Amino acid sequence: RFHHTSTSHLCSCSKTVSDEKYQDPFQLGRKDLKNLYEDIKKELLVSTAELKEMCDYYFDGKGKAFRPMIVVLMARACNIHHNNSREVQASQRSVAIIAEMIHTASLVHDDVIDDANSRRGKMTVNQIWGERKAVLAGDFILSAASLALARIGNTTIISVLTQVIEDLVRGEFLQLGSKENENERFAHYLEKTFKKTASLIANSCKAVSILGCPDPKVHEIAYQYGKNVGIAFQLIDDVLDFTSCADRLGKPTAADLKLGLATGPVLFACRQFPEMNAMIMRRFSKPGDIERARKYVLQSDGVQQTTYLAQRYCHEATREISKLRPSPEREALIQLTEMVLMRDK
């Protein structure tokens with residue numbers, strides 16, 4: 001059980017990266033991501049001006065391209081491990097593009113489901129164009145991603161990446177439900193986190209490893225790295241919902257409570273404040289629930305425990321990726337686990 005373990009051996013992962021080997025992952029991956037958003041827009045050739053405007057609105061090139069970054073670094077790390085090849089294959093770069101398209105389509109749909117009014121510091125597509133058109137825009141981006149995926153022409157890759165779309169839908173359904181039993185509740189939360197966030201990173205990493213290396217052991221390493229980093233990323237996201245100010249986050253804080261969601265910090269806080277159980281079961285729907293729940297979380301060690309749990313996942317990601325042959329890209333992927341833990345927005 002992750003969350004009952006003592007925290008004494010929860011070390012930070014930076015010790016595995018010596019200063020002289022340190023390379024900024026975003027610098028290292030930049031060359032492979034040049035023109036990423038222009039290439040995505042080429043995939044989204046649209047007949048109607050309005051649909052084009054909606055697609056361009058999210059693919060404005062201002063995102064950090066965190067997922068494509070991991071994918072191209074993993075591609076290089078696996079290629080070097082296999083035959084010391086320093087090049088990213090065109091099909092591997094396509095996976096990075098497809099990953100960003102699937103991710104963005106899921107954001108558009110999430111914002112509709114959540115009735116969100118801001119994302120990355122600007123108004124959401126559903127606020128500007130309305131819910132119906134936003135749903136269709138998300139569908140359109142997914143269909144364009146599916147066409148790009150078919151063009152890779154590899155049935156294994158198609159089945160690995162279509163799993164992501166299935167997981168996204170299942171994860172959204174999990175989020176709409178809740179569990180009465182405390183232990184089941186935590187398992188439910190971690191499964192939802194895997195399906196909604198980590199599956200995309202895990203399966204995209206696996207896909208590029210399959211394209212770059214025939215060894216199933218390497219495919220498993222890539223998958224496990226992506227899975228663990230993805231879960232840690234979401235855990236930190238859930239922490240920031242309580243600790244970050246809205247300006248830094250680019251979306252309102254306590255947003256999860258407003259949606260009736262009990263994330264890691266709430267579930268840990270519930271152990272110290274059992275009166276939160278009733279609030280979780282009614283999804284914080286009574287007047288004053290959100291403010292009280294937020295207060296309980298900040299009075300408890302919920303934020304700290306969730307951060308420790310994220311450290312565990314990052315440590316596991318580092319342990320997995322360290323099985324590959326040393327390379328600047330492998331070190332950058334280790335460094336990325338540290339950046340996931342340190343981010344403040």
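Everything numeric here is computed off the predicted structure, so don't read it as measured data. (Residues numbered from 1 in each chain as written. Predicted model: local features only at pLDDT ≥ 70, side-chain atom pairs only at ≥ 80, totals over all residues. Heavy atoms only, no water.)

**Things to note about helix H10 (residues 216–243)**
Across its 28 residues, H10 extends 40 Å between first and last C-alpha, which sits within 8% of the 40 Å expected from 1.5 Å per residue. Of all 28 residues in H10, 23 are buried, a share of seventy percent or more. For H10, the N-terminal capping position is held by aspartate 215, with its side-chain oxygen 2.9 Å away from the main-chain nitrogen of lysine 217. (Helix = DSSP H or I, 4+ residues; strand = E, 2+ residues; numbered from the N terminus. Expected span 1.5 Å × (residues − 1). Buried < 20%, exposed > 50% of the residue type's maximum accessible area, 1.4 Å probe, protein only. Polar contact = N/O pair within 3.5 Å; in protein donor to acceptor, adjacent residues only side chain to side chain.)

**Topic: the confidence of the model for the chain**
In the predicted model, the chain carries a mean pLDDT of 90, and the fraction of residues at 70 or more is 92%. Ranking the elements of the chain by mean pLDDT puts helix H11 (residues 246–249) last with 65 and helix H16 (residues 302–321) first with 98. A low-confidence stretch, residues 1–20 (pLDDT under 50), is modelled with 32 contacts involving residues beyond four sequence positions or located in other chains. (pLDDT = per-residue confidence, 0-100. Contact = heavy atoms within 4.5 Å.)

**Describing the pattern of salt bridges**
Pairing between side chains of opposite charge can happen when their charged atoms approach one another. All told, the structure shown has 18 salt bridges when counted by the stated rule. Across the salt bridge formed by arginine 170 and glutamate 166, the nearest N and O atoms sit 2.7 Å from each other. Of this pair, arginine 170 and glutamate 166 both sit in helix H8 (residues 155–176), four residues apart, which is roughly one turn of the helix. On the accessibility criterion, arginine 170 (45% relative accessible area) is partly exposed. The residue lysine 195 makes a salt bridge to glutamate 191 at a minimum N-O spacing of 3.3 Å. Linking lysine 195 with glutamate 191, this pair stays in helix H9 (residues 182–212), spanning four residues, or about one helical turn. Since its relative accessible area comes to 15%, lysine 195 is described here as buried. (Salt bridge = Lys/Arg side-chain N within 4 Å of Asp/Glu carboxyl O.)

**Some details on a nonpolar patch on the surface**
On the surface, a cluster of nonpolar side chains totalling about 430 Å² of accessible area is made up of Ile113, Val169, Phe173 and Leu176. The element contributing the most residues to the nonpolar patch is H8, with three residues. With respect to the secondary-structure elements, isoleucine 113 resides in helix H5 (residues 90–114). Looking at isoleucine 113, the relative accessible area reads 48%, which means it is partly exposed. (Patch = residues over 30% accessible without salt bridge, like charges linked within 9 Å, V, L, I, M, F, W, Y side chains within 5 Å. Areas by Shrake-Rupley, 256 points an atom, 1.4 Å probe, with all protein chains shown as cover.)

**Examining the side chain of aspartate 110**
With respect to the helices and strands, the residue aspartate 110 is situated in helix H5. At a separation of 3.3 Å, a polar atom in the side chain of aspartate 110 contacts the side chain of lysine 196. Setting aside its immediate chain neighbours within four residues, aspartate 110 contacts Arg119, Glu172 and Lys196.

**Describing unusual backbone geometry**
A positive phi angle, close to 55°, is found at alanine 65, a residue other than glycine. With respect to the element layout, alanine 65 can be found in the loop between helix H3 (49–58) and helix H4 (66–83). Residue classification places alanine 65 among the buried positions, given a relative accessible area of 11%. Positive phi outside glycine occurs at asparagine 84, with the angle close to 60°. Mapped onto the fold, asparagine 84 is located in the loop between H4 and H5. Overall, the relative accessible area of 41% leaves asparagine 84 in the partly exposed class.

**Examining the packing of aromatic side chains**
All chains considered together, the criterion is met by six aromatic pairs. Aromatic pair tyrosine 57 and tryptophan 129: ring centres 5.5 Å apart, planes at 80°, arrangement edge-to-face. Separated by 72 residues along the polypeptide, tyrosine 57 in helix H3 and tryptophan 129 in helix H6 (residues 125–129) bring together distant segments of the chain. Taken together, the ring pairs in this structure connect Tyr57, Tyr58 and Trp129 into an aromatic cluster. Over the ring of phenylalanine 233 we find arginine 67; its NZ or CZ atom is 5.3 Å from the centre of that ring. (Phe/Tyr/Trp six-rings, centres within 6.5 Å; stacked < 30°, edge-to-face > 60°. Lys NZ or Arg CZ within 6 Å of the ring centre and 35° of its normal.)

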